[in-house]
Amino acid sequence: MPSVPSRSATDADVPALIALWEACGLTRPHNHPPTDIAFARKGPNSDVLVIEIDKRLVASAMVGHDGHRGWVYYVAVEPTQQKRGLGRHMMVEAERWLASKGVWKMHLMVRRSNVEVHDFYEKLGFSESEVSVLSKILVAQA
Ligand SMILES: CC(C)(COP(=O)(O)OP(=O)(O)OC[C@H]1O[C@@H](n2cnc3c(N)ncnc32)[C@H](O)[C@@H]1OP(=O)(O)O)[C@@H](O)C(=O)NCCC(=O)NCCS
């Protein structure tokens, strides 16, 4: 397992972070990554964690809690660095961040089109919950 620690993303990381998410197929037209990043970095209950190797941003996880559960989004490992343990390490760092905030249970959402990633999460001890996630737009993003 890589021992390189994660750190909080900075303003300077934003372009590389968005490029990472694009390379990993995580961006969608209805999401605006700069807004997502700024919002997650705004308060004490959420953050964007990154791992850098040789001055290249190679992994990310957006973490946060809503006062009840912890959540992780934008879990990504740069495609040429995948299958080397970085994804597992990034998730351990995400769990550590959430645990440091007092969170005792975490959730994540996987798009139905991304079924292959289930095996990754199962290997990390996650299991599918018997719930449906419903959503509603409150404010349209510009
Ligand atoms: C999912 C992702 C973060 C995994 O990162 P990674 O660095 O390749 O994962 P690791 O090397 O740490 O793998 C950990 C374990 O999961 C397994 N695994 C990883 N990806 C897998 C896959 N697609 N299918 C099956 N098993 C997988 C590994 O074989 C490894 O198993 P092991 O511990 O028995 O050796 C990476 O593939 C990625 O960025 N995917 C695109 C973005 C994405 O879909 N993110 C998730 C959004 S919900």
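Look above for the structure.
Quick caveat: nothing in here was measured; it's all calculated off a predicted structure.

**Notes on the packing of aromatic side chains**
Point 1. All chains considered together, the criterion is met by four aromatic pairs.
Point 2. Aromatic pair Trp 71 and Tyr 73: ring centres 6.1 Å apart, planes at 15 degrees, arrangement stacked.
Point 3. Between Tyr 121 and Phe 126, the ring centres sit 5.8 Å apart and the planes meet at 75 degrees, which makes this aromatic pair edge-to-face. Comparing Tyr 121 with Phe 126 shows no difference in burial state: the two are buried.
Point 4. Joined through ring pairs, the aromatic side chains of Phe 120, Tyr 121 and Phe 126 make up one cluster.

**Quick look at unusual backbone geometry**
Point 1. A positive phi angle is found at Lys 55, which is not glycine, with a value near 65 degrees.
Point 2. Note on placement: Lys 55 falls in the loop between strand S2 (46–53) and strand S3 (56–65).
Point 3. On the basis of relative accessible area, Lys 55 is assigned to the exposed category, the value being 79%.
Point 4. Positive phi, close to 50 degrees, is recorded for Tyr 74, a residue that is not glycine.
Point 5. Relative to the elements of secondary structure, Tyr 74 occurs in strand S4 (residues 70–77).

**Side note on the sheet that holds S4**
Point 1. Judged by pairing direction, the sheet is mixed, and its five strands sit side by side in the order S1-S2-S3-S4-S5 without closing on themselves. Each edge of the sheet is formed by a strand with only one pairing partner; in this case those strands are strand S1 (7–8) and strand S5 (106–108).
Point 2. The sheet contact formed by S3 and S4 spans six bridges and is antiparallel. Bridge pairing in S4 places Val 63 opposite Val 72.
Point 3. In this fold helix H1 (residues 14–23) packs onto S2, S3 and S4, with an angle of close to 90 degrees to the strand it touches most, S3.
Point 4. Its contacts with the sheet put helix H3 (residues 86–100) on S2, S3, S4 and S5, and the angle it makes with S2 is roughly 145 degrees.

Thresholds, definitions, all that
- Residues numbered from 1 in each chain as written.
- Predicted model: local features only at pLDDT ≥ 70, side-chain atom pairs only at ≥ 80, totals over all residues.
- Heavy atoms only, no water.
- Phe/Tyr/Trp six-rings, centres within 6.5 Å; stacked < 30°, edge-to-face > 60°.
- Buried < 20%, exposed > 50% of the residue type's maximum accessible area, 1.4 Å probe, protein only.
- Helix = DSSP H or I, 4+ residues; strand = E, 2+ residues; numbered from the N terminus.
- Pairing = 2+ DSSP bridges.
- Contact = heavy atoms within 4.5 Å.
- Axes fitted to C-alpha atoms, helices over the stretch in contact; angles between N-to-C directions.

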